[in-house]
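# Results of the structural survey
What follows is each chain in one-letter form.
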Amino acid sequence: MKKLVIVTYVLRGLGFVLVLLSLFGHSLILNLFPGLEGQSINPIFYSGILVYMVGAVIYFFVNKKEKAERRRREIEEAEERAFGPRDGEEKS
């Protein structure tokens, strides 16, 4: 699960860099890709937005799942403290 969270941060960082490059690094992009001269660099901007959104959506669902698991564990621990161990479970 942690690797997936790291991947989402990398995707969001890459999207952020692509957006910044398309906004402020016009000459840098044209130096790296001279074939784009005279053409719009809007695809780089839209690619950055898309990559960032993919990372954000994946992170949202992973984080939601982790929070639900953590909440379930906390409820089970609270029930165990309040009512004792369940049937068939040993007391630690």
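This report concerns the structure included in the present document. (Residues numbered from 1 in each chain as written. Predicted model: local features only at pLDDT ≥ 70, side-chain atom pairs only at ≥ 80, totals over all residues. Heavy atoms only, no water.)

### Here we look at the overall build of the protein chain
Broken down by element type, the protein chain carries three helices and zero strands. Reading the secondary structure of the protein chain in the N-to-C direction produces α-α-α. The C-alpha radius of gyration of the protein chain comes to 23 Å, more than 25% above the 12 Å expected for a compact globule of 92 residues. Referenced to the eigenvectors of the C-alpha coordinate spread, the extents of the protein chain come out at roughly 75 × 20 × 15 Å. For the protein chain, with 92 residues in total, the buried portion stands at 16%. Considering only residue pairs separated by 6 or more positions, the protein chain has 64% of its internal contacts joining residues 24 or more positions apart. (Helix = DSSP H or I, 4+ residues; strand = E, 2+ residues; numbered from the N terminus. Rg over C-alpha atoms; globule rule 2.2 N^0.38 Å. Buried < 20%, exposed > 50% of the residue type's maximum accessible area, 1.4 Å probe, protein only. Contact = heavy atoms within 4.5 Å.)

### A few points about helix H3 (residues 42-83)
End to end, H3 covers 61 Å across 42 residues, agreeing with the expected 62 Å (1.5 Å per residue, within 8%). Every buried residue of H3 is accounted for by Ile44, Gly48, Gly55, Val62 and Glu66. Just past H3, the residue Gly84 takes up positive phi, approximately 85°. (Expected span 1.5 Å × (residues − 1).)

### Concerning helix H1 (residues 2-24)
Given a rise of 1.5 Å per residue, 23 residues ought to cover 33 Å, and the 33 Å separating the end C-alpha atoms of H1 matches this to within 8%. Buried residues of H1: Val5, Thr8, Arg12, Gly15, Val19 and Ser22, and no others. Those residues of H1 that are buried lie in contact with helix H2 (26-32) and H3.

### Some points on the packing of aromatic side chains
Any aromatic ring pair is given by two values, namely how distant the centres are and how the planes are angled relative to each other. One pass over the structure, following the stated rule, counts three aromatic pairs. The interplanar angle of 75° and the centroid separation of 5.3 Å between the aromatic rings of Phe60 and Phe61 together place this pair among those described as edge-to-face. What makes Phe61 exposed here is its relative accessible area of 51%. The aromatic ring of Tyr59 is capped on one face by Arg12, whose charged end is 4.7 Å from the ring centroid. (Phe/Tyr/Trp six-rings, centres within 6.5 Å; stacked < 30°, edge-to-face > 60°. Lys NZ or Arg CZ within 6 Å of the ring centre and 35° of its normal.)

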